[in-house]
Amino acid sequence: MYGSRTATRPAGEDEAVAGLRLFCFAHAGGGSSFFHPWRRALGPGVDVRPVVLPGRERRARETSHTRMGPLVDGLVTELAPQLDLPYVLFGHSLGSIVAYESARALLERGLRPPLALLVSGRRGPFVPDHRRPVHTLPEDEFLAEVSRLGGTPSEVLRQRDLLRHFLPPLRADHEVNETYRPVPPPGPALTCPVFAFTGDADPLADPHAVARWREVTSGDFRLRVFPGDHFYLKGAPDDLMSALRAAMGSVHQGSSVLRRRVHNVAM
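Residues numbered from 1 in each chain as written. Predicted model: local features only at pLDDT ≥ 70, side-chain atom pairs only at ≥ 80, totals over all residues. Heavy atoms only, no water.

### Points about the packing of aromatic side chains
- Within the structure shown, the criterion is met by 9 aromatic pairs.
- Seen in terms of ring centroids, W38 and F90 are 5.0 Å apart; in terms of plane orientation they differ by 65 degrees. Their pairing is edge-to-face. With a gap of 52 residues between them, W38 in helix α1 (residues 36–42) and F90 in strand β5 (residues 87–92) connect regions that are remote in the sequence.
- A residue is classified by how much of its surface remains accessible, and W38, at 0% relative accessible area, is buried.
- With centroids separated by 5.7 Å and ring planes inclined at 85 degrees, the aromatic side chains of Y100 and W213 adopt a geometry described as edge-to-face. One end of the pair, Y100, is in helix α3 (residues 94–108); the other, W213, is in the loop between α7 (207–210) and β8 (221–226), and 113 residues separate them in sequence. Taken individually, Y100 and W213 each receive the classification buried, so the pair is uniform in this respect.
- Grouped by ring-pair contacts, the aromatic residues F34, F35, W38, F90 and F231 constitute a single cluster.
- Between R171 and the ring centre of F142, over which it is positioned, the NZ or CZ distance is 4.5 Å.
- Over the ring of F231 we find K234; its NZ or CZ atom is 5.8 Å from the centre of that ring. (Phe/Tyr/Trp six-rings, centres within 6.5 Å; stacked < 30°, edge-to-face > 60°. Helix = DSSP H or I, 4+ residues; strand = E, 2+ residues; numbered from the N terminus. Buried < 20%, exposed > 50% of the residue type's maximum accessible area, 1.4 Å probe, protein only. Lys NZ or Arg CZ within 6 Å of the ring centre and 35° of its normal.)

If you want it as structure tokens, here you go:
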């Protein structure tokens, strides 16, 4: 793998043809494999780099963070050397707020800003969450809540040996999400466009709540609703990939080149 331990791409990929870098932040308990199908779907014009959080995959020996501030501080430090290409941040569910806070931290440090923030499957940061916290629940109750959302493979939930390694970072992710408190307006806002996506049957992110992402930026805002539940984006759905290409193309100076490369791959 190339890149840092935080965000990488497969060895052997030709980075020279990429005109845009896409950093992808997964949902609670999610890993880099969630975004692997996106590489083929988006084509060589987009350098897809899943972001791996401490405590999982190749970072399994590291301690998982339970608070947003330290998590983002570490991520931004490690992403900084990879900002040599124009880039966009994408996050799903928990990943949306991690991507958002990373964008804010990059701006505050005076580093190259993202061309856009793409968020998915989460209410806007300033929308209160009235659900009960789950990260403090006993193991069986916690796993039942996780299973209900459908984002964790059933084989993992059934095997206690796997759970022993998987459960601590998963619970830590939920703690990050449930203890997160954004800086309220008129706190620091983004200036880049924000594109928000959600499923029309998502029990955690209805379109009205997702539309509140418009509050985080002084730039353009667009909302797109797709058929599906909280994990409407599993795999690489054609309609979502088209929406991502359109969003990235609209903010990228080389958008015509990017669209041509993606079209050639699709052919």
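That covers the picture; the talk isn't over yet.
### Observations regarding α3
- Along its 15 residues, α3 runs 21 Å from first to last C-alpha, staying within 8% of the 21 Å computed at 1.5 Å per residue.
- Counted residue by residue, α3 has 13 buried out of 15 residues, so it is predominantly covered.
- The positive-phi residue at the C-terminal boundary of α3 is G110, with phi of around 75 degrees. (Expected span 1.5 Å × (residues − 1).)

### Let's talk about the confidence of the model for the protein
- Confidence along the protein averages 86 in pLDDT terms, with 82% of residues attaining 70 or more.
- Across residues 254–267 the pLDDT falls below 50, and counting only partners more than four positions away or on other chains, this stretch makes 18 contacts in the model. (pLDDT = per-residue confidence, 0-100. Contact = heavy atoms within 4.5 Å.)

### Side note on the sheet that holds strand β6 (residues 116–120)
- Judged by pairing direction, the sheet is parallel, and its 6 strands sit side by side in the order β4-β3-β5-β6-β7-β8 without closing on themselves. Unpaired on one side and paired on the other, β4 (46–51) and β8 mark the two borders of the sheet. Pairs of neighbouring strands in the sheet enclose a mean axial angle of 20 degrees, with direction left out of account.
- As defined by bridge partners, β5 adjoins β6 across 5 bridges and the pair is classed as parallel. Bridge pairing links L89 to L117 in β6. (Pairing = 2+ DSSP bridges. Axes fitted to C-alpha atoms, helices over the stretch in contact; angles between N-to-C directions.)

### Brief notes about the pattern of salt bridges
- Tallied over the entire structure, the rule returns 14 salt bridges.
- Note that R59 and E62 form a salt bridge whose closest N and O atoms lie 2.8 Å from each other.
- The partly exposed category is assigned to E62, whose relative accessible area is 26%.
- Linked by salt bridges that have partners in common, R21, D47, R49 and D84 make up one network. (Salt bridge = Lys/Arg side-chain N within 4 Å of Asp/Glu carboxyl O.)

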